[in-house]
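Notes for the structure review
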Amino acid sequence: MSPALGTNAGTRTSTSTGTGTSTSTSTTRAPALPVPVRSPEPRPGVPPRSRSRSTAGFRRAVRRLPSLLLKGVTKSAAVVALLLLWEAAPRLGLVDRTFLPPFSEVAGAWWELAADGQLADHTGASLARSFSGFGLAVAVSVPLGLLIGWYRPVADLLGPLLEVFRNTAALALLPVFVLLLGIGETSKISIVVYACIWPVLLNTISAVRNVDPTLLRLARSMDLSAPRLFQKVILPSSVPVIFTGIRLAGAASILVLVAAEMIGAKAGLGYLINSSQFNFAIPQMYAGILTISAIGVAFNQVLVTVERRLSSWRVPAAG
């Protein structure tokens, strides 16, 4: 194509001379080219997908923040009200502050015990005994409960013996443990094991026996072997009920240990509470009680978190 043609590509001219001369000229424009839009330059070291995901996560967190704050206020309202009542009742003369000092005095005593190391020593001694007995009880009772719940002959053999011991309170047998095992660590850990084993064992037996029969029939129709049946059906279905027993055992391990430490112990939260009562150090006594309560709440939350991880397959209930 010549330069002239290229210049007049969009022009058309028509000319006629003589009588009735007419000239017409029309011009057509070429279509406009699209203007490129420049995308924002990515920040160095941050992939675009990561930025979009982080932005979306931040927006979800911001949207959930009011509901989370409301939920936290709702859960803590009762506790805050109790502490305010505890602080006000002795100061207003509603109770004798000699036997129930204000919460601020108890908090000060707790801080003094924590500062000089006494609280850490007593708490460490109690946790070592409690966790040792609790761990032994879970390690023994879960396999035994699965065995008793699944095999009927074993249940028939051990059932009467279990009924006798599970209806005997652990604290009622505390003198027996002291007489047989002495006043050392062995008797304290043993009484914790005895108190913790029954909630876990009975809940495990109940969990295995109450597995959905439809699931068992479906699994057997697929020709699953006995080990695979346990792994794929029995254990997942039993986890929620078993952890209910484990949480009950966690609470029992702390409560029974405190009573055991009041007899023949030289360290532990139970010993701290008992010695504070004898020495009429009432704020220190309440500080030990609050420490036990805090440990129980924290231990229960840990068990709830583990239960959620192990039973993540469950579909949450509507509403």
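Scroll up to find the structure.
These remarks concern the structure in this document. (Residues numbered from 1 in each chain as written. Predicted model: local features only at pLDDT ≥ 70, side-chain atom pairs only at ≥ 80, totals over all residues. Heavy atoms only, no water.)

Quick word on the side chain of Glu-261
With respect to the helices and strands, the residue Glu-261 is situated in helix α9 (residues 226–261). Apart from the residues lying within four places of it in its own chain, the contact partners of Glu-261 are Ala-125, Ser-126, Arg-129, Lys-188, Ala-267, Gly-268, Leu-269, Gly-270 and Tyr-271. (Helix = DSSP H or I, 4+ residues; strand = E, 2+ residues; numbered from the N terminus. Contact = heavy atoms within 4.5 Å.)

Observations concerning the packing of aromatic side chains
Applying the stated criterion across every chain, the model contains seven aromatic pairs. Taking 5.9 Å as the distance between ring centres and 65 degrees as the angle between the ring planes, the aromatic pair formed by Trp-86 and Tyr-286 counts as edge-to-face. Separated by 200 residues along the polypeptide, Trp-86 in helix α2 (residues 48–91) and Tyr-286 in helix α11 (residues 282–310) bring together distant segments of the chain. Taking relative accessible area as the criterion, Trp-86 reaches 14% and is therefore assigned buried. Residue Tyr-286 is classed as buried on the basis of its relative accessible area of 17%. Note on Phe-131 and Phe-299: the rings are 5.2 Å apart at their centroids and 55 degrees apart in plane angle, and the pair reads as tilted. One end of the pair, Phe-131, is in helix α4 (residues 118–150); the other, Phe-299, is in helix α11, with 168 residues separating them in the sequence. (Phe/Tyr/Trp six-rings, centres within 6.5 Å; stacked < 30°, edge-to-face > 60°. Buried < 20%, exposed > 50% of the residue type's maximum accessible area, 1.4 Å probe, protein only.)

Digging into the nonpolar core
Counting residues in each nonpolar core, the largest one holds 57 residues, and the members touching the most others are Phe-134, Ile-191 and Ile-246. For this core, the leading source of residues is α9, giving 14 residues. Here Ile-246 is in contact with Phe-134, Val-138, Val-200 and Leu-303, once residues within four sequence places are set aside. (Core = buried A, V, L, I, M, F, W, Y, C linked by side-chain atoms within 4.5 Å.)

So, empty space enclosed by the protein
Scanning the entire structure with this criterion turns up one cavity of 30 Å³ or more. When its volume is computed, the largest cavity comes out at roughly 60 Å³. Taken together, Ser-126, Leu-127, Ser-130, Ile-254, Leu-257, Val-258, Leu-269, Ile-292 and Ile-295 make up the full set of residues lining the largest cavity. Secondary-structure elements contributing two or more residues to the lining of the largest cavity are α4, α9 and α11. Tallied by class, residues from the lining of the largest cavity come to seven nonpolar, two polar and no charged. (1 Å grid on protein atoms, 1.4 Å probe; cavity = no way out; pocket = protein on both sides within 12 Å on 5 of 7 lines; lining within 4 Å. Points joined across faces, edges and corners; volume = space filled by probe spheres on them. Nonpolar A, V, L, I, M, F, W, Y, C, P; charged D, E, K, R; others polar.)

Observations concerning the pattern of salt bridges
Evaluation of the coordinates by the stated rule reveals six salt bridges. Note that Glu-105 and Arg-97 form a salt bridge whose closest N and O atoms lie 2.6 Å from each other. Judged by its relative accessible area of 37%, Arg-97 is partly exposed. Two residues, Glu-163 and Arg-166, come together in a salt bridge whose shortest N-O distance is 3.1 Å. Residue Glu-163 and its partner Arg-166 are located together in helix α5 (residues 152–166), separated by three residues, close to a single helical turn. (Salt bridge = Lys/Arg side-chain N within 4 Å of Asp/Glu carboxyl O.)

A word on the packing of helix α6 (residues 174–181) against helix α7 (residues 185–209)
As a packed pair, α6 and α7 sit with axes 9 Å apart at the nearest point and diverge in direction by 140 degrees. The orientation of α6 with respect to α7, classified from their angle, is oblique. Once α6 is placed against α7, the crossing between them reads as right-handed. Facing Leu-174, Phe-177, Val-178 and Leu-181 of α6, the residues of α7 in contact are Thr-186, Ser-187, Ser-190, Ile-191 and Tyr-194. (Axes fitted to C-alpha atoms, helices over the stretch in contact; angles between N-to-C directions. Parallel < 35°, antiparallel > 145°, perpendicular 65-115°, else oblique. Left-handed = near helix turned anticlockwise from the far one by under 90°.)

Honestly, it's all geometry; don't read function into it.
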